[in-house]
Amino acid sequence: MTTEYQVRLDRDACDGVFACLVRDDRFVEASDGLATIDGGDGSQHERTVDGTELVTFTDEQLTAAEQAARACPVDAIEVLPEEADE
Ligand code: SF4
């Protein structure tokens, strides 16, 4: 089911453990050794000054994002589901 949702990554909290990468391949290692989100085409990507990335997706990978969020030992990832798309 296609769902619109947002994924928030707090890069200040991220510890570079990379438990998220194996759950959702949209999380990738950045040159600074921390995780970043590779939204690819079709996502809206915002990066705030405090180091938080906020990406809006409309796809079928909500579960993978939620698994990545649950796997993160420092709770740096938050998934914010929107209403299901009809
Ligand atoms: S699992 Fe959490 S701490 Fe580890 S790289 Fe991903 S966001 Fe960072």
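Summarised in this report is the structure supplied together with it. What you are looking at is a predicted structure, and each value in this text was computed from that prediction instead of being measured.

In this section: the overall build of the protein. Helix and strand counts for the protein stand at 1 helix and 6 strands. Along the protein, helices (α) and strands (β) appear in the sequence β-β-β-β-β-α-β when read from the amino end. Scaling as 2.2 N^0.38, a compact globule of 86 residues should have a C-alpha radius of gyration of about 12 Å, and the protein matches this with 12 Å. Across the 86 residues of the protein, 40% fall into the buried class.

With that settled, consider the site of the ligand. Around the ligand, the structure places 14 residues, and the nearest of them are Cys14, Asp15, Phe18, Cys20 and Cys72. Considered class by class, the residues forming the shell around the ligand number 12 nonpolar, 1 polar and 1 charged.

This part takes up the nonpolar core. Within the largest apolar cluster, 18 residues are counted, with the highest numbers of intra-cluster contacts made by Tyr5, Val7, Phe27, Ile37 and Ile77. At the level of secondary structure, the elements contributing two or more residues to this core comprise β1 (3-10), β3 (35-37), β5 (52-59), α1 (62-71) and β6 (77-84). Looking at this core element by element, the count peaks at 4 residues for α1.

Cut-off values and rules
Residues numbered from 1 in each chain as written. Predicted model: local features only at pLDDT ≥ 70, side-chain atom pairs only at ≥ 80, totals over all residues. Heavy atoms only, no water. Helix = DSSP H or I, 4+ residues; strand = E, 2+ residues; numbered from the N terminus. Rg over C-alpha atoms; globule rule 2.2 N^0.38 Å. Buried < 20%, exposed > 50% of the residue type's maximum accessible area, 1.4 Å probe, protein only. Near = heavy atom within 4 Å. Nonpolar A, V, L, I, M, F, W, Y, C, P; charged D, E, K, R; others polar. Core = buried A, V, L, I, M, F, W, Y, C linked by side-chain atoms within 4.5 Å.

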